[in-house]
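So the chains spell out like this:
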Amino acid sequence: MIERTIITDKTLCCGCQACMKACPVGCITMMKDEEGFIYPVSSEHCIHCKKCEAVCPILNQPKSQIQDKIVYAGKSKKHSVWKASSSGGAFYEICNSWGESDTLYFGAVWDGLTVKHDCVEGIENIGPLQKSKYIYSDTNGSFSKIKNYLDQGRYVVFSGTPCQVAGLKNYLNRDYERLLTIDLVCHGVGSPDVFHNCISLLEKRYSGIIEKIEFRSKKECYDFDHLSLITINGKGIYIINDPYTQLFLSQACLRPSCGLNCQFRNINRQGDITIADFKGLVDVFPSLRGYKENYSTIIINTKKAFTILESLDSKMNLLKCEIEDIEKYNPLISGQSQFAVENQNREPFFKKYISDHEVAIEEFMSSEVEEYNPSIKRRIWNLLPFFIRHQIGR
């Protein structure tokens, strides 16, 4: 059972909240610790049924429906879909290929400057679920809502980290034919409190209130892996090396169950489909050298996911590749990055962060924040047609 105090070994809790939703007497609540992450705590009303332990994805990792994986690099044929996505638009087009006009989609959304899981009905309303968030997303009662919809015979898509997908599968305790799950090649989830303190630093720098932020923004073309767009006092400013992104990429602000402790970084994925950015695109597909639109990784993991492949092929440019290509250029699909092994910043960062937030953030940033101001040469390059860029690239 969940102890009546905050969990002792925090590496064994991913914060999916499956335990809280499975408790038959509702005695489990989520409590935030000094790092900004939430953990389950039980009350004196606990009846020791151990249902919380039975649904925990870390204590009981669901068995994946293994089959020979089908792997693609993919990009939506609609430029508007690509533009509204972090990479190639795979999430949108997968959702658009599943179910009916009233399909329900669950995924991470912005609520102001907080990230939580929410639900929308119909593909025309899926916009808030698109784009990368990089912050721990509160599942916000999604598991019980999903069960209710599935029991009504509705089509549902759930998108989340592998541990969240595993938590949902344990909570449901059966495979629903009308549920499609999408997991991510996950870098980890960062602390919401650290994020808000990074926002405060940017507000000091720009002397205003930040209303929203967009990670990995696409401006003119995909110039940088991590170009952020902040809206401050109604004005959009593109910045490189925003403080939170730096801490996130260095794994300094990740949840204890992430990074080197993640139990879900393996090739046996939890979702029916796995999506990610496609790393090493021109190395795997040299003919795309000079191309200015990025692609998604799409991995078909189950027979259920295979059923939408024909529809997906009509909506996306799909380039078939091998799982080894993904493992080579995006090692987080099945293991730890070499950077994480060599640079274990998490413990020293939070030790300092707890005593002084601002000093810790500034000390563990590796680069200064810069505004994005492309040179004339870059602007001209961005305007060149693909075939000219391709010839120059060759």
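Counting of residues starts from 1 at the beginning of each chain's written sequence and follows it residue by residue. With the structure being a predicted model, the display of local features is reserved for residues of pLDDT at least 70 and the display and counting of side-chain atom pairs for 80 or more, all residues being used for whole-chain, interface and lining totals. Water and hydrogen atoms play no part in the side-chain values, which are based on all heavy atoms of the structure.

Draft legend 1. Seen up close, the sheet that holds strand β8 (residues 210-214). Pairing is antiparallel across the open sheet formed by four strands, whose spatial order is β8-β9-β10-β14. Only two strands of the sheet have a single neighbouring strand rather than two, namely β8 and β14 (370-371). What makes two strands pair is DSSP finding at least two bridges between them. By the criteria applied, helices consist of DSSP H or I runs no shorter than four residues and strands consist of E runs no shorter than two, each listed in order from the N terminus. Taken together, the six bridges between strand β9 (residues 227-232) and strand β10 (residues 235-240) define a ladder with antiparallel strand orientation. Bridge pairing in β10 links Leu-229 to Tyr-238. Every residue pair with non-hydrogen atoms within 4.5 Å of one another is taken to be in contact. Inter-axis angles, ranging from 0 to 180 degrees, are taken between N-to-C directions of lines fitted to C-alpha atoms, where helices are fitted over the stretch in contact. Against the sheet, helix α7 (residues 192-206) touches β8, β9, β10 and β14, its axis set at about 115° to β8.

Draft legend 2. Up close: helix α5 (residues 142-151). Only protein chains enter the area calculation, which uses a 1.4 Å probe; residues under 20% of their type maximum are buried, those over 50% are exposed, and those in between are partly exposed. For α5, the set of buried residues is Ser-142, Phe-143, Ser-144, Ile-146 and Leu-150. Packed against the buried residues of α5 are α1 (18-22), β4 (104-111), β5 (114-121), β6 (156-160), α6 (162-172) and β7 (179-184). Directly beyond the C-terminal end of α5, a positive phi value near 85° is found at Gly-153.

Draft legend 3. Local environment of the nonpolar core. We call a set of buried residues a nonpolar core when its members are Ala, Val, Leu, Ile, Met, Phe, Trp, Tyr or Cys and they connect through side-chain atoms within 4.5 Å of each other. Counting residues in hydrophobic clusters, the biggest one holds 40 residues, and the most contacted among them are Val-194, Tyr-244, Leu-247 and Phe-349. At the level of elements, β2 (38-42), α7, β8, β9, β10, α8 (243-249), α14 (346-355) and α15 (357-364) are the ones that each hand at least two residues to this core. When residues in this core are grouped by element, the largest group, seven residues, is from α7. Not counting residues up to four positions away in its chain, the partners in contact with Leu-247 are Val-194, Cys-198, Ala-252, Cys-253, Phe-349, Ile-361 and Phe-364.

Draft legend 4. Unusual backbone geometry, seen in detail. The residue His-48 is not glycine, and still its phi comes out positive at about 60°. Within the secondary structure, His-48 sits in the loop between β2 and α2 (51-55). According to the relative accessible area criterion, His-48 is exposed, its value standing at 53%. Phi at Lys-131 takes a positive value of approximately 80°, unusual for a residue other than glycine. In this structure, Lys-131 sits in the loop between β5 and α5. With relative accessibility at 21%, the residue Lys-131 sits in the partly exposed group.

Draft legend 5. View of empty space enclosed by the protein. Here a cavity denotes a set of grid points, spaced 1 Å apart and computed over the protein atoms alone, in which a 1.4 Å probe fits but from which it cannot get out, and a pocket denotes an open set meeting protein on both sides within 12 Å along at least five of seven lines; residues with an atom within 4 Å of a point are reported as lining. Grid points are joined across faces, edges and corners, and a volume is the space filled by probe spheres set on the points. This model, assessed by the stated rule, comprises two cavities of 30 Å³ or more. What the largest cavity holds in volume is close to 220 Å³. As for the largest cavity, its lining consists of 23 residues, of which Cys-163, Cys-186, Ser-257, Cys-258 and Cys-262 are closest to the centre. Basically, the charged four are Asp, Glu, Lys and Arg, the nonpolar ten are Ala, Val, Leu, Ile, Met, Phe, Trp, Tyr, Cys and Pro, and anything else, Gly included, counts as polar. Taken together, the residues of the lining of the largest cavity break down into twelve nonpolar, eight polar and three charged.

Draft legend 6. View of the pattern of salt bridges. By salt bridge we mean one thing: a side-chain nitrogen of Lys or Arg within 4 Å of a carboxyl oxygen of Asp or Glu. Summed over the entire model, instances satisfying the criterion amount to 15 salt bridges. For Asp-193, the salt bridge identified is with Lys-32, shortest N-O distance 3.3 Å. Taken as a pair, Asp-193 in helix α7 and Lys-32 in strand β1 (residues 28-32) lie far apart in primary sequence, 161 residues in all. For the salt bridge of Arg-269 with Asp-183, the shortest nitrogen-to-oxygen distance reads 3.5 Å. One end of the pair, Arg-269, is in the loop between α8 and β11 (273-277); the other, Asp-183, is in strand β7, and 86 residues separate them in sequence. You'll find Arg-269 and Asp-183 in the same group, each marked buried.

Draft legend 7. Summary view of the side chain of Ser-85. Along the chain, the position of Ser-85 falls in the loop between α3 (79-83) and α4 (90-95). Of the residues examined, Ser-85 reaches a relative accessible area of 5% and is grouped as buried. Here Ser-85 is in contact with Gln-130, Lys-131 and Lys-218, once residues within four sequence places are set aside.

Draft legend 8. Focus on the sheet that holds β4. Spatial strand order, β5-β4-β6-β7-β11-β12-β3-β13: eight strands in an open sheet with mixed pairing. Each end of this open sheet is capped by a strand with a single partner; those strands are β5 and β13 (316-321). This sheet shows a mean twist of 30° between the axes of neighbouring strands, independent of strand direction.

Draft legend 9. Region of the structure containing the packing of α7 against α15. Contact geometry for α7 and α15: axes closest at 10 Å, N-to-C directions at 85°. Between α7 and α15, the crossing angle belongs to the class labelled roughly perpendicular. Two secondary-structure elements touch here, α7 through Val-194, Asn-197, Cys-198, Leu-201 and Lys-204 and α15 through His-357, Glu-358, Ile-361 and Glu-362. Within the contact of α7 with α15, the residues separate by chemical class into four nonpolar, two polar and three charged. Convention used here: angles under 35 degrees read as roughly parallel, angles over 145 as roughly antiparallel, angles from 65 to 115 as roughly perpendicular, and any remaining angle as oblique.

Draft legend 10. Quick look at the state of the cysteines. Two cysteine sulfurs form what is called a disulfide whenever their separation falls within 2.5 Å. Considering all chains together, one arrives at zero disulfides under this definition. Lacking any disulfide linkage, Cys-16 is separated from the closest cysteine sulfur, that of Cys-14, by 4.1 Å. Classification of Cys-16 as buried rests on a relative accessible area of 6%. Residue Cys-23 stays outside any disulfide, its sulfur separated by 3.7 Å from that of Cys-27, the closest cysteine.

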